[in-house]
Amino acid sequence: MHHDTVTAILLSTVLASTPMLFAALGELVTEKSGVLNLGVEGMMLIGAVIGFVVTAATGSAILGVILAAVAGALASGIFGVLTLLLLANQVACGLALTIFGIGLSALIGKPFIGKPLSALPQLHISGLSDIPVIGPLIFGQDALVYISILMAIAVHLFLNRTRQGLIVRAVGESHDAAHALGYPVVGIRFLAVMFGGAMSGIGGSYLSLAYTPLWSEGMTAGRGWIALACVTFSTWRSARVVLGAYLFGFFTIAQLHAQALNVPIPPEFLSMAPYLATVLVLVIISRDATRIRMHAPASLGRVFHGG
Amino acid sequence: MLRLEARPQPSRTMVLATPVLAVVLTLIAGVIMFAILGADPLEALYAFFIAPIDNLYGLGELGVKATPLVLCAVGLSIGFRANVWNIGAEGQLVMGAIFGGWIGLFHNGGGGIWVLPLMFIASAIGGAFWGAIPAFLKTRFNANEILTSLMLTYVAQLFLNYLVRGPWRNPQGFNFPQSKSFDDFAAIAPMFDGTRLGFGFIVALVAAFAGWLLMSRSFLGFQIKVAGLAPAAAGYAGFSAKRLTWAAMLISGGLAGMAGLNEVAGPIGQVVAVVSPGYGFTAIIVAFLGRLHPIGIIIAALLIALSYIGGDAAQMSMNLPVAVSSVFQGMLLFFLLGCEVLIRYRIRPRLRAATG
């Protein structure tokens, strides 16, 4: 294969992986605090539409991404109120958030369907960015790609190297023990949920601002669910979240390139690849039930009522 | 400040009152939403919830939309009671449409009155087959059924796209991604003149009744309820969690598959690329709104069906986006889940702690 093709595949893999990486990192922190938010798909859609609409209206992509994060956090706030304050079932509320997000984003985005937008600008350092293959890969991305990698490092350091991260994990392992030690379980979880929402919002906005710079209904196409699968795939370890997101991004891109190369397989079957890969990876990871049980936060999905 | 005080036992009044409260809150939120959209709220509510059903055709449509919702939700509710989270009913619905539709297309121009029953059986097998995959992956490999059943929904939809664009495409269909129309033996005729309501509605009611029998009169239903409420007790009693997962996935998959066939052989009349506007997902709301009980599910399905046809009607008469329906549905589920706290808890003012 010509090295231009390799560069193209690698570059588009980064592009396809970044939305899932943001969302999965957010969900990792949420789940580490003991809350399972299945609303990632809905929050990503809300982020995607807000990011697009704000950027289209103001011309500022930075403002678009920031407000997408705020919108994602607000959407997850609804989930937080229901599950943490009103003690509702987390699985059901997460599904509700996804259904609500699909509807709300379609409602907001209706006037913007089919309108073009210029994609996020990419870094260019003359000399460095011109090195074959690794040049554009390392020195030629847009700002959000670098931010996603920095966020991965930050989340890793926060969870494993800071006192606050330890408290989040303690709340996720045993909310009763954390409560007895005097930590505000509900408050900590609320912040973790809002962080997850903000990250999903940013991930969604990356789809509508960089990956395919346009808005279309339901454009996440299951990426929110794949982000959830990434967290399970990672067995709740931050470095593996990056690996998972890039693996699924690669499957998405590989099948697109296979379609372009006219392989003798119908395109619909090639498009199944990322979803089938997700199932396959889940099966491989989950096969060892003890390992999942050892790594999953022990209070994940359980309702806490402090009285 | 307010605090939540656990009730000694769940309030029966609240079990019935919370869905009503949730509907009222949703309507209030709807008024606010219409005002934001710049529509006269009362006019919009009328256009949304009253105008569509003030005639026979509209009432028939209510049943047309409620049919797949009841079929899917009855199956899902059985799983949810056992803590089996099948959220891939949409994919099972699509697979049912494919399997049943295949029988129908195969007998195009021939066959007899046995074709339609055979299509229903095939659709149930197709849906159950698609539900069996997450069941197998869950029981054999411990893979989360939420994610696998959802991923398989995308796979089923892509497979349907392939069929209607490839092997099943009607050669005289001007290149549209759709099959030939079913002939009379393979199509569900309306039960009443002037409506589109077919006998699938009766099938859905029978399924709801069968679901009620299963849950309240059978040992399997008892096992499901125990497994959902007290998994440890179910394990101690020797109820096999794997068997319950299989039962829940096969039943909900089969019913969702029949819902898919009812769409293609009924209102649609041929196999097309989009056989459902998300009935399989909306059925999750229906199942919860109906309190996971068959009677409740029928009422909830009629209500949600109204939000579907109301959305279509409001789009035509007031130019409101059709997505308003799913916003309504999402809000309804939010309010319902939020209100559920009242079943198990009382809201009390937080008293200053006295000394000692």
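Because the structure is a prediction, the values reported are computed rather than measured. (Residues numbered from 1 in each chain as written. Chains lettered and ligands numbered in written order. Predicted model: local features only at pLDDT ≥ 70, side-chain atom pairs only at ≥ 80, totals over all residues.)

(A) Representation of the overall build of chain A within the structure. Helices and strands together make up the secondary structure of chain A, namely 14 helices and zero strands. Moving toward the C terminus, one meets the helices and strands of chain A in the order α-α-α-α-α-α-α-α-α-α-α-α-α-α. Against the globule reference of 19 Å for 307 residues, chain A gives a C-alpha radius of gyration of 19 Å, in line with a compact fold. When its C-alpha atoms are laid out on the principal axes, chain A stretches across 60 × 45 × 40 Å. The buried share of chain A, taken over its 307 residues, is 53%. Long-range pairs, those at least 24 residues apart, make up 79% of the contacts in chain A with a sequence separation of at least 6. (Helix = DSSP H or I, 4+ residues; strand = E, 2+ residues; numbered from the N terminus. Rg over C-alpha atoms; globule rule 2.2 N^0.38 Å. Buried ≥ 20, exposed ≤ 12 C-beta atoms within 10 Å, placed from the backbone. Contact = placed C-beta atoms within 7 Å.)

(B) The arrangement of the overall build of chain B in detail. Helix and strand counts for chain B come out as 14 helices and four strands. Against the 2.2 N^0.38 benchmark of 21 Å for 356 residues, chain B shows a C-alpha radius of gyration of 22 Å, consistent with a compact globule.

(C) Region of the structure containing the environment of Thr83(A). Residues and elements named next belong to chain A. Along the chain, the position of Thr83 falls in helix α3 (residues 61-85). In sequence terms Thr83 and Pro266 are 183 residues apart; their C-alpha atoms lie 44 Å from each other. Leaving out residues up to four positions away in the same chain, Thr83 has contacts with Val35, Ala88, Gln90 and Cys93.

(D) Expanded view of the pairing of strand β1 (residues 2-6) of chain B. Residues and elements named next belong to chain B. For β1, the buried fraction is low: zero of the five residues fall into the buried class. Two elements, β1 and strand β4 (residues 345-349), share five bridges in a ladder whose sense is antiparallel. Note on β4: the bridge partner recorded for Ala6 is Tyr345. (Pairing = 2+ DSSP bridges.)

(E) Structural view of the environment of Tyr162(B). One can find Tyr162(B) in helix α6 (residues 145-165). A residue is classified by how many C-beta atoms lie within 10 Å of it, and Tyr162(B), with 19 of them, is partly exposed. C-alpha of Tyr162(B) to C-alpha of Ala273(B): the two residues are 111 residues apart in sequence and 8.7 Å apart in space. Every residue in contact with Tyr162(B), bar those within four places of it in the chain, is listed here: Pro266(A), Glu268(A) and Phe269(A).

(F) Spatial organisation of the interface of chain B and chain A. At the junction of the two partners, chain B supplies 38 residues and chain A supplies 41 residues. Looking at the side of chain B that touches chain A, the elements with two or more residues in it are α5 (115-141), α6, α11 (279-289) and α13 (324-339) of chain B. Element by element, the count of residues in the side of chain B that touches chain A is highest for α6(B), at eleven residues. Tallied by class, residues from the side of chain B that touches chain A come to 28 nonpolar, nine polar and one charged. (Nonpolar A, V, L, I, M, F, W, Y, C, P; charged D, E, K, R; others polar.)

(G) Spatial organisation of α5(B). Taking 1.5 Å of rise per residue, 27 residues should cover 39 Å, and α5(B) covers 38 Å from first to last C-alpha, within 8% of that figure. At the C-terminal side of α5(B), Asn142(B) shows a positive phi close to 70 degrees. (Expected span 1.5 Å × (residues − 1).)

(H) Seen up close, the nonpolar core. By size, the foremost hydrophobic cluster in this structure holds 221 residues, and its most contacted members are Val70(B) and Cys72(B). Among the elements that line this core, the one with the most residues is helix α9 (residues 185-211) of chain A, at 15 residues. Apart from residues no more than four positions distant in its own chain, Val70(B) is found in contact with Ala204(B), Ala207(B), Ala208(B), Ile297(B), Ile298(B) and Ala301(B). (Core = buried A, V, L, I, M, F, W, Y, C linked by C-beta atoms within 7 Å.)

(I) Quick look at the environment of Met43(A). Residue and element names in this part refer to chain A. Along the chain, Met43 turns up in helix α2 (residues 40-58). With 58 residues separating them in the primary sequence, Met43 and Gly101 have C-alpha atoms 6.1 Å apart. Ignoring any residue separated from it by four or fewer positions in sequence, one finds Met43 in contact with Gly72, Ala75, Ser76, Leu97, Gly101, Gly197, Ser200, Gly201 and Gly204.

(J) Looking closely at the packing of helix α4 (residues 89-106) of chain B against α6(B). All names here are of chain B. Viewed as axis vectors pointing N to C, α4 and α6 meet at an angle of 30 degrees, and their least axial separation amounts to 7 Å. As summarised for this structure, α4 and α6 are arranged roughly parallel, according to the angle between their axes. The handedness of the crossing between α4 and α6 is left-handed. Within the contact between the two elements, α4 uses Glu90, Gly91, Val94, Met95 and Ile98 and α6 uses Leu152, Thr153, Ala156, Gln157, Phe159, Leu160 and Leu163. Across the contact of α4 with α6, the residue classes tally to eight nonpolar, three polar and one charged. (Axes fitted to C-alpha atoms, helices over the stretch in contact; angles between N-to-C directions. Parallel < 35°, antiparallel > 145°, perpendicular 65-115°, else oblique. Left-handed = near helix turned anticlockwise from the far one by under 90°.)

(K) A look at the confidence of the model for chain B. Mean pLDDT over chain B: 89, with 98% of residues reaching 70 or higher. Across the assembled chains, the prediction reports ipTM 0.89 with pTM 0.91. (pLDDT = per-residue confidence, 0-100.)

(L) Geometry of unusual backbone geometry. Residues and elements named next belong to chain A. With a phi angle near 50 degrees, Ala221 is a residue other than glycine that sits in the positive phi range. Relative to the helices and strands, Ala221 resides in the loop between α9 and α10 (223-233). At Trp236, a residue that is not glycine, the phi angle is positive and equals roughly 60 degrees. Take Trp236: it is sitting in the loop between α10 and α11 (238-260). Overall, Trp236 belongs to the buried group, with 20 C-beta atoms counted inside 10 Å.

(M) Molecular detail of the packing of α10(A) against helix α13 (residues 273-286) of chain A. Residues and elements named next belong to chain A. The interhelical angle for the contact between α10 and α13, taken along N-to-C directions, is 25 degrees, at an axis separation of 10 Å. When the interaxial angle is binned, α10 and α13 end up roughly parallel. As α10 runs across α13, the sense of the crossing is left-handed. Counted together, Ile226, Ala229, Thr232 and Phe233 of α10 and Pro274, Thr278, Val281, Leu282 and Ile285 of α13 form the full contact between these two elements. For the contact of α10 with α13, the class distribution of residues is seven nonpolar, two polar and no charged.

(N) Molecular detail of α11(A). All names here are of chain A. Between its terminal C-alpha atoms α11 stretches 34 Å, which fits the 33 Å expected from 23 residues at 1.5 Å a residue. Among all positions of α11, only Ser238, Val241, Val242, Gly244, Ala245, Phe248, Gly249, Phe250, Phe251, Thr252, Ile253 and Gln255 are buried. Positive phi shows up at Asn262, right after α11, with a value of about 60 degrees.

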